[in-house]
Each structure stands twice: as structure tokens, then as C-alpha cells.
Amino acid sequence: MSYEFLTTDRDGPVEYLTLNRPDVRNAFNEHVIAELTGWAAHTRDAAARGELRAVVIAGAGKTFCAGADVTWMSKTVHYTEEENLRDALAMSHMFAAINELPLAVIGRIQGAALGGGAGLAAVCDIVAAEDDAVFGFTEVKLGILPAVISPFALAKIGRSAARELFLTGARFAASRAKEIGLVHTVVPPRELDSAVANHVKEILSAGPEAVAAAKALIPHVWELSLDEARQVTARAIATRRVSPEGQEGLRAFLEKRPPGWSQRLLNTKDTKDTKIQKG
Ligand code: COA
């Protein structure tokens, strides 16, 4: 696939995706939304074929993502209500498509992740950020709402932080983003790529099907009562234990050898440093 506003770079089972509109700090308009949605569909298919096990989402230039393109949004005053609704739904589908990818999604954040950029961080499974990066659900400062991103942001930061941060639109530091669960690793800028590479390495040493199943389990179990969860989780582990991958992982541990899925990687090449366009 070729894109106008994204670049992709495949390194074995890892895809490096870079938002590539650095002049406007990787803000997304309808074209970027369409490309990201298409990319997520291709990535889902590649994961289903067993070709991909992790993706890294980054932004070109000095900023990860400044959220929705304000120029584009200001023009929507000329759209009909139907057209505005269609656009907002398209953005919601984009976030959902990334959120539900059946592999690990790792965010690499430098500079700023604001508005929809913070929403993009929220749909990543693991986020590493530079210690001087700035975050914010800044929409209310523009008189609009962190609406489409709210289900994904709330699932990460919870209601209490949302009540402060959605209402004030205040910008906050990477250390605060880590405290509220939006970010997992905070490092000095020079260590960002190795922090991302460490997260990738951890994922690649885990069973690919187990990673996808663990990811799917989290939103499912969250919505269940304990009684309902008992059935679902017992079935989930029972299925994994007898699966070829589960059997391989258990046997490898007992035989004191690496499991097949990590052996294959050791035999080819180790994960390399993240390959991000510096813009
Ligand atoms: N949409 C459209 N254009 C944007 C943008 C956005 N969300 N964010 C930045 N830009 C544009 C600026 O208008 C500027 O354009 P210009 O060169 O034509 O003047 C260019 O990107 C660079 O922005 P600038 O503010 O000079 O860059 P910076 O590196 O000093 O700061 C940010 C980067 C992201 C911190 C800052 O641009 C910012 O706060 N943007 C607004 C983010 C926001 O509130 N997003 C929520 C949208 S709902």
C-alpha cells in the first residue's frame, strides 16, 4: 500500500507506521483518517495471516500528533449536519479500527500528543514518551469536545482524571500522563527509540496468538460480572492450554529452551531500533 500522509516500514513481524504531515504537526484531516482506517484494515489482515505481531505508531518531525486538523474542522461550518456526522463517525471508526487490532500497538511519542493525538495514544496498548512531551485533551480550549476519543481515553485514564482534564483542556507533562495510565514509559529523548525497541522485544518474545487473545480478553472481561467472567476466562485459558502455541510455550519452559516463535526470530535477526522518519 502507498499513502500520501503515512509512511510504513516493515521489519519482519513489526510494522513501523509514521504519520507524515510534519508541517501541521501531523494533524489529521479526512484524508489522513481515510488512510489510517485503510492501514488498520490491511494490518488486521496481515496479523490474521500471521505476518505481523506488533506495530509502532510514530509521528514525523518534532511532534507526535496535534490532533484533528483545525483548518479542516473550521471549514466544516459549511457542511450539513449529516456531513458533519459522517465525518465524526469516520474518525470514530478510525480509532476503533486501531484500538481493536489483534496485535500489540506501541506508541512512540515526542513533542506533543494533543486532542486526537492524545486519543491516538489512548488506542495504543503500550506508549513510550519523551520526558518533555506534552499531552492534553485540549478540545474545550477550542470550544469543541473530546467526544469521539472519549471512550478510548476514558478506558485508559478513568473518570476522575477525565473530569479534570476533559473539562479544563489543560496541557500536562509526560510524568502526569504516566500517572493516569495514558503512557507506560517515560524517558529522555535520546532513549526513546531504545525504550520502544524494548517494548517490541517483549512482545516478540510472547506467543503471538496469546498476545492477541490477551488483548481481546481485557475489554471483554471488563464488561462482565464475576460470574460471567468465570465462564469466559476458564474457557479462554482451557483453549490456550491445549493449543499448539500454548503447548509449545509450556514444553519450551520445561525443556529450558526458547519457544519456537522466539527461536525463529533469534535465527533471523533481532529487532532493530525503531525506524522513524525524522521529518
Ligand atoms: N491543526 C492544524 N494545523 C495545526 C495544528 C492542528 N491541530 N497544530 C499545529 N498546526 C499548524 C500551525 O497552525 C502551524 O502552521 P503555520 O506554520 O502555517 O503557522 C504549524 O502547524 C506549526 O505549529 P506551531 O504551533 O508553530 O508548532 P510548535 O512546534 O511550536 O507547536 C503544538 C506544536 C502541537 C504544541 C502546537 O501547534 C499546538 O498546540 N497545536 C494545537 C493542538 C491542539 O489543540 N489540538 C487539538 C485539536 S482538536
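Residues numbered from 1 in each chain as written. Predicted model: local features only at pLDDT ≥ 70, side-chain atom pairs only at ≥ 80, totals over all residues. Heavy atoms only, no water.

**Description of unusual backbone geometry**
Here's step 1: We note that Asn 26 has phi near 60 degrees; this positive angle belongs to a residue other than glycine.
Here's step 2: Its location among the elements puts Asn 26 in the loop between β2 (14-19) and α1 (30-48).
Here's step 3: By relative accessible area, which is 2% here, Asn 26 ends up buried.
Here's step 4: Here Lys 256, not a glycine, exhibits a phi torsion of approximately 55 degrees, which is positive.
Here's step 5: Structurally, Lys 256 can be placed in the loop between α10 (244-254) and α11 (260-268). (Helix = DSSP H or I, 4+ residues; strand = E, 2+ residues; numbered from the N terminus. Buried < 20%, exposed > 50% of the residue type's maximum accessible area, 1.4 Å probe, protein only.)

**Section: the side chain of Thr 63**
Here's step 1: Looking at the element boundaries, Thr 63 is found in the loop between β3 (54-59) and α2 (70-75).
Here's step 2: Judged by relative accessible area, which is 9%, Thr 63 ranks as buried.
Here's step 3: Ignoring sequence-local partners within four residues, the contact set of Thr 63 consists of Arg 25, Asn 26, Gln 110, Gly 111 and Ala 112. (Contact = heavy atoms within 4.5 Å.)

**Observations concerning the layout of surface pockets**
Here's step 1: The space that makes up the largest pocket amounts to roughly 980 Å³.
Here's step 2: Along the walls of the largest pocket sit 28 residues, with Asn 99, Ala 155, Lys 156, Ile 218 and Pro 219 positioned nearest its centre.
Here's step 3: The element that contributes the greatest number of residues to the lining of the largest pocket is helix α8 (residues 208-222), accounting for eight residues.
Here's step 4: Approximately 590 Å³ is the volume attributed to the second largest pocket.
Here's step 5: If you go around the second largest pocket, you meet 26 residues; those closest to its centre are Ala 68, Met 73, Glu 139, Ile 144 and Leu 145.
Here's step 6: Mapped by element, the contributors of at least two residues to the lining of the second largest pocket are α2 and α3 (81-99).
Here's step 7: Among the elements that line the lining of the second largest pocket, the one with the most residues is α3, at four residues. (1 Å grid on protein atoms, 1.4 Å probe; cavity = no way out; pocket = protein on both sides within 12 Å on 5 of 7 lines; lining within 4 Å. Points joined across faces, edges and corners; volume = space filled by probe spheres on them.)

**Some thoughts on a nonpolar patch on the surface**
Here's step 1: On the surface, a cluster of nonpolar side chains totalling about 250 Å² of accessible area is made up of Val 70, Leu 142 and Ile 144.
Here's step 2: Mapped onto the elements of the fold, Val 70 is located in helix α2.
Here's step 3: The exposure class assigned to Val 70 is partly exposed, which follows from its relative accessible area of 46%. (Patch = residues over 30% accessible without salt bridge, like charges linked within 9 Å, V, L, I, M, F, W, Y side chains within 5 Å. Areas by Shrake-Rupley, 256 points an atom, 1.4 Å probe, with all protein chains shown as cover. Salt bridge = Lys/Arg side-chain N within 4 Å of Asp/Glu carboxyl O.)

**Notes on the confidence of the model for the protein chain**
A low pLDDT means the predicted coordinates there should not be read in detail.
Here's step 1: Residue-level pLDDT values for the protein chain average 94, and 94% of them are 70 or greater.
Here's step 2: Note on residues 268-279: pLDDT under 50 across the span, and 34 contacts to partners over four residues away in sequence or across chains. (pLDDT = per-residue confidence, 0-100.)

**Considering the site of the ligand**
Here's step 1: Residues in close proximity to the ligand total 16 residues, the closest being Arg 25, Ala 66, Ala 68, Val 70 and Arg 171.
Here's step 2: Here an oxygen atom of the ligand and a backbone polar atom of Asp 23 are 3.2 Å apart.
Here's step 3: For the ligand, an oxygen atom lies 3.1 Å from a polar atom in the side chain of Thr 138.
Here's step 4: Contact with the protein chains covers 59% of the free accessible surface of the ligand, which is 870 Å².
Here's step 5: For the shell around the ligand, the residue count by class is nine nonpolar, one polar and six charged. (Near = heavy atom within 4 Å. Polar contact = N/O pair within 3.5 Å; in protein donor to acceptor, adjacent residues only side chain to side chain. Nonpolar A, V, L, I, M, F, W, Y, C, P; charged D, E, K, R; others polar.)

**Quick look at the sheet that holds strand β1 (residues 6-11)**
Here's step 1: Reading across from one edge, β1-β2-β3-β4-β6-β9 is the order of the six strands in this open sheet, with mixed pairing throughout. The open sheet has two edge strands, β1 and β9 (185-187), and neither has a second partner. Recorded for the sheet is a direction-independent mean angle of 15 degrees between the axes of neighbouring strands.
Here's step 2: Inspection of the sheet shows β3 paired to strand β4 (residues 104-109) by four bridges, in the parallel sense. When the sheet's bridge partners are listed, Ile 57 is paired in β4 with Gly 107. (Pairing = 2+ DSSP bridges. Axes fitted to C-alpha atoms, helices over the stretch in contact; angles between N-to-C directions.)

**A look at the packing of aromatic side chains**
Here's step 1: If you walk through the whole model with that rule in mind, you get five aromatic pairs.
Here's step 2: Ring geometry for Phe 135 and Phe 172: centres 6.1 Å apart, planes at 25 degrees, overall stacked. Placement of the pair is Phe 135 in strand β7 (residues 134-136) and Phe 172 in strand β8 (residues 171-173), with a sequence separation of 37 residues. Of the two residues, Phe 135 and Phe 172, both sit in the buried class.
Here's step 3: Three or more aromatic residues joined by ring pairs make a cluster, and in this case those are Phe 135, Phe 137, Phe 166 and Phe 172.
Here's step 4: The cationic tip of Arg 21 hangs over the ring face of Phe 5; the distance from NZ or CZ to the ring centre is 5.4 Å. (Phe/Tyr/Trp six-rings, centres within 6.5 Å; stacked < 30°, edge-to-face > 60°. Lys NZ or Arg CZ within 6 Å of the ring centre and 35° of its normal.)

**Some details on the sheet that holds strand β5 (residues 112-114)**
Here's step 1: Taken together, three strands build an open sheet; the order of strands is β5-β7-β8 and the sheet is mixed. Strand pairing shows two members of the sheet lacking a second neighbour, β5 and β8, which therefore form its edges. Each strand axis lies, on average, 25 degrees off the axis of its neighbour in the sheet, ignoring direction.
Here's step 2: Strand direction decides the pairing type here: β5 and β7, joined by three bridges, are parallel. Directly across from Leu 114, in β7, lies its bridge partner Gly 136.

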